[in-house]
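Listed below are the residues making up each chain.
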Protein chains: 2
Amino acid sequence: MAETVEYENLTQADAGTDGPVLMTAPANEDGLDAAAAAARRLIDAMVRLGDGTGYDTDALADRLNALAKEIEAELPDEDVRLVEMWQHEGPNRHDLVTGPENPVAVPLVVHGLPDGSVEGTATLPIAYQGQPRMAHGGISALLIDHTLGMANGWAGRGGMTARLTLNFKRPVPLGRPITINAKQESVDGRKLFTNGTLSVDGEPCVTAEALFIAGHLPRPTAE
Amino acid sequence: MAETVEYENLTQADAGTDGPVLMTAPANEDGLDAAAAAARRLIDAMVRLGDGTGYDTDALADRLNALAKEIEAELPDEDVRLVEMWQHEGPNRHDLVTGPENPVAVPLVVHGLPDGSVEGTATLPIAYQGQPRMAHGGISALLIDHTLGMANGWAGRGGMTARLTLNFKRPVPLGRPITINAKQESVDGRKLFTNGTLSVDGEPCVTAEALFIAGHLPRPTAE
């Protein structure tokens, strides 16, 4: 295991226990967050479109490549961007699962709850299809792994996944609200034991048990 | 478990065993595949850009929303599109993991090998970051789950994931080729036991053991 360090998280002890506390970054209505939301809308439309209509997808490719080229000319140095990504206190805005500025993020919204658990909510669009009209099992794995990680932070000490076991009980439908409940159940030295369940309409669809090891990789820092 | 049916897959028995056989849909150089590739390029540029440059991200949001609106006016009926998605023999072009026409797909490329195993390859861009400069553990879970599923098809009988256990041994770096090797190890009635390993530079990073149940949900069909 690589050398790890510990960071401050938004913990229940810091946040108080009066009610649900938002743990993920809320989306701004303008700037990069708005562009990421528009990109998600575009992705959804493209998957729904298919190649069977008369729509000019060659021209769409040209227009998207032109946009990409325009942005590529403005990119900051990669090391500078990485430092920026990781400098913020609280939730990362670039995050793959919850990040409002990442077009690939669903995004999942996570609250810390007074009972020491966390709850994530999302609705999955058709791009995440596995079986017909159902979510891919692997996207449930991604969302659950992330929510378990946030449950550790809420409990006071975060870590990295060492072992994750998922039991798939019933398919997860697309287009309907999913809820992921997760809680750190016990700690043994650096070992964090964390469980969770993904439910739809109160019915458990996927359950998870995980072992995390406390600590994180060092964050990028400026020279 | 919902009612399931069985489908023909690309199996080793059908494909012969002379060498690696491509199991995933190759990307067309035009049409929707080209647009999806351009969308991936755009997503990558947006994540690399951040909100710290002078680039006009408000205007970008407007332009992407205008594109999405234009496509939304051309969408086929959802049921028609679903039938189209699932009508093809062979690999699904819309697939979340391997699909050339899905902008959210990495995409992973999978070959069936003469020894009865399958091998998936990909390189993960920065949108899939978990720890700094490393892939999110959950994206490894998604790619591995999918590759295990394809290993079942290659062995002759596909199914749906019932239990998946992942052991994370070392972080998976972004921007470098990853390889996922997977094989169906045994069958007991409808139970399929399938193992896999995600490696980088020949070093195992994530290992997986899974139980699948043979069969799939029914495909959408025209009235």
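Small disclaimer: the values here were computed from a predicted structure and weren't measured.

1. Some details on helix α5 (residues 137–155) of chain A
Residues and elements named next belong to chain A.
Inference 1: Taking 1.5 Å per residue, 19 residues should reach 27 Å; α5 reaches 27 Å between its end C-alpha atoms and fits that length.
Inference 2: Burial analysis of α5 places 16 of its 19 residues in the buried class, the great majority of the element.
Inference 3: With its phi angle positive at about 125 degrees, G156 sits one or two positions after the end of α5.

2. A short note on the environment of P220 of chain B
Inference 1: Along the chain, the position of P220 of chain B falls in the segment after β7 (203–214).
Inference 2: Among residues more than four places away in sequence, those in contact with P220 of chain B are P132 and R133 of chain A together with L82, V83 and W86 of chain B.

3. What to know about the nonpolar core
Inference 1: In this structure, L166 and L198 of chain A together with L166 and L198 of chain B are the most contacted members of the largest nonpolar core, which totals 92 residues.
Inference 2: With residues up to four places along the chain from it excluded, the contact list for L166 of chain A reads A141, I144, V206, T207 and A208 of chain A together with A162, R163 and L164 of chain B.
Inference 3: A38, A39 and L60 of chain A together with M46 of chain B belong to the second largest nonpolar core, which has 32 residues in total.

4. Let's talk about the interface of chain A and chain B
Inference 1: Each side of the interface is counted separately: chain A has 82 residues, and chain B has 82 residues.
Inference 2: On the chain A side of the interface with chain B, the three residues burying the most area are L32, R41 and I71 of chain A, jointly 8% of the side's total.
Inference 3: At the junction of chain A and chain B, the tally comes to eight salt bridges.
Inference 4: A salt bridge links E72 of chain A to R41 of chain B; its shortest N-O distance comes to 2.8 Å.
Inference 5: Going through the elements one at a time, α2 (31–49), α3 (57–72), α4 (78–87), α5 and β4 (159–168) of chain A are the ones with two or more residues in the side of chain A that touches chain B.
Inference 6: Element by element, the count of residues in the side of chain A that touches chain B is highest for α2 of chain A, at 15 residues.
Inference 7: Residue composition of the side of chain A that touches chain B, grouped by class: 45 nonpolar, 19 polar and 18 charged.
Inference 8: As judged from the five bridges shared by β4 of chain A and strand β4 (residues 159–168) of chain B, these two strands associate in the antiparallel manner. Its bridge partner lying in β4 of chain B, R163 of chain A is registered against N167 of chain B.

5. Topic: the pattern of salt bridges
Inference 1: One pass over the full model with this rule turns up 22 salt bridges over all chains.
Inference 2: Taking the shortest distance from any N to any O, the salt bridge between R48 of chain B and D44 of chain B comes out at 3.0 Å. Here R48 of chain B and its partner D44 of chain B are both found in helix α2 (residues 31–49), four residues apart, which amounts to about one turn of the helix.
Inference 3: Counted as one network, the salt bridges with shared partners bring together D33, R81, E84, R93 and E101 of chain A.

6. Description of the relation of the copies chain A and chain B
Inference 1: Rotating chain A by 180 degrees about the axis while translating it 0.0 Å along that axis superimposes it on chain B, leaving an RMSD of 0.0 Å. Here the symmetry operator amounts to a two-fold rotation axis. By C-alpha distance to the rotation axis, the residue of chain A lying nearest is T165 of chain A, at 2.1 Å.
Inference 2: When you check the interface residues of chain A against chain B, 100% turn up at the interface there too, and the contact is symmetric in its surfaces.

7. Description of unusual backbone geometry
Trans peptide bonds make up the majority, and among non-glycine residues the majority have a negative phi.
Residue and element names in this part refer to chain A.
Inference 1: Put simply, V106 and P107 share a cis peptide bond, and its omega is -10 degrees.
Inference 2: A positive phi angle, near 65 degrees, is found at R133, a position not held by glycine.
Inference 3: In this model, D201 sits at a positive phi of 55 degrees, which is unusual for a non-glycine residue.
Inference 4: The class of D201 is exposed, set by a relative accessible area of 61%.

8. Regarding the environment of G112 of chain B
All names here are of chain B.
Inference 1: By the secondary structure assignment, G112 is in strand β2 (residues 109–112).
Inference 2: Taking the C-alpha atoms as reference, G112 lies 6.5 Å from L22; in sequence the two are 90 residues apart.
Inference 3: Each residue touching G112, except ones within four places of it in the same chain, is listed here: G19, P20, V21, M23, S117, V118 and W154.

9. Regarding a negative patch on the surface
Inference 1: A cluster of acidic side chains, namely E29 and D30 of chain A together with D51, D56, D58 and D62 of chain B, defines a negative patch on the protein surface.
Inference 2: By the element assignment, D51 of chain B lies in the loop between α2 and α3 (57–72).

10. As for the confidence of the model for chain A
Inference 1: Confidence along chain A averages 93 in pLDDT terms, with 96% of residues attaining 70 or more.
Inference 2: Among the prediction metrics, the complex's ipTM stands at 0.96, with pTM recorded as 0.96.

11. Topic: the pairing of strand β3 (residues 118–123) of chain B
Residues and elements named next belong to chain B.
Inference 1: Alternating positions in β3 separate cleanly, V118, G120 and A122 being buried on one face and E119, T121 and T123 remaining unburied on the opposite face.
Inference 2: Across four bridges, the pairing between β2 and β3 is antiparallel. Within β3, the position partnered with V110 by the bridge is G120.

12. Quick word on the packing of α2 of chain A against α3 of chain B
When two helices pack together, their arrangement is given by the angle between their axes and by how far apart the axes lie.
Inference 1: Their axes nearest at 8 Å, the elements α2 of chain A and α3 of chain B cross at an angle of 20 degrees. Compared by their axis directions, α2 of chain A and α3 of chain B come out roughly parallel. Judged by the twist between their axes, the crossing of α2 of chain A over α3 of chain B is left-handed. Residue-level inspection shows G31, L32, A34, A35, A38, A39, R41, L42, A45, M46 and L49 of chain A of α2 of chain A in contact with α3 of chain B, the latter providing T57, D58, L60, A61, L64, N65, L67, A68, K69, I71 and E72 of chain B.

Cut-offs applied
- Within every chain, residues take consecutive numbers counted from 1 along the sequence as written.
- Labels follow written order: the first chain is A, the first ligand is 1, and so on.
- Restriction of local features to residues with pLDDT of at least 70 applies here, the model being predicted, together with a cutoff of 80 or more for giving and counting side-chain atom pairs; totals for whole chains, interfaces and linings are based on all residues.
- Side-chain numbers come from the whole structure's heavy atoms, not from hydrogens or water.
- Segments assigned H or I by DSSP are reported as helices when at least four residues long, segments assigned E as strands when at least two residues long, and all are numbered from the N terminus.
- Helix span is expected to be 1.5 Å times the residue number reduced by one.
- Buried means the residue's accessible area, taken with a 1.4 Å probe over protein chains only, is under 20% of the maximum for its type, while exposed means over 50%, and partly exposed covers the values in between.
- Only heavy atoms matter for contacts: two residues are in contact if any of them lie within 4.5 Å across the pair.
- Take the buried Ala, Val, Leu, Ile, Met, Phe, Trp, Tyr and Cys residues and link them wherever side-chain atoms come within 4.5 Å; each set so joined is a nonpolar core.
- When two parts are put together, the accessible area they lose, computed with a 1.4 Å probe and summed over both, is reported as buried area.
- Each salt bridge in this description consists of a side-chain nitrogen of Lys or Arg and a carboxyl oxygen of Asp or Glu lying within 4 Å of one another.
- The nonpolar class holds Ala, Val, Leu, Ile, Met, Phe, Trp, Tyr, Cys and Pro. Asp, Glu, Lys and Arg form the charged class, and all remaining residues, Gly among them, are polar.
- By definition, two strands form a pair when at least two bridges between them are found by DSSP.
- Superposing copies: least-squares fit, C-alpha atoms only, residues required to have pLDDT of at least 70 in both.
- Only residues whose relative accessible area exceeds 30% and that form no salt bridge enter a patch; like-charged residues are grouped when within 9 Å of one another, and nonpolar side chains (Val, Leu, Ile, Met, Phe, Trp, Tyr) when within 5 Å.
- Computed with a 1.4 Å probe, the accessible areas rest on the Shrake-Rupley method; for each residue, only the protein chains presented here act as cover.
- Within this scheme the basic residues Lys and Arg register as positive and the acidic residues Asp and Glu register as negative, but His and the chain ends are omitted.
- In this description, the location of a charge corresponds to atom NZ of lysine, CZ of arginine, CG of aspartate or CD of glutamate.
- pLDDT runs from 0 to 100 and stands for how confident the predictor is about each residue.
- Simply put, an axis is a line fit to the C-alpha atoms, just over the touching stretch for a helix, and the angle between two N-to-C directions goes from 0 to 180 degrees.
- Angles are sorted into four bins: roughly parallel if under 35 degrees, roughly antiparallel if over 145, roughly perpendicular if 65 to 115, and oblique for all others.
- For any pair of crossing helices, the crossing counts as left-handed if the nearer helix is rotated counterclockwise from the farther one by less than a right angle, and right-handed if it is rotated clockwise.

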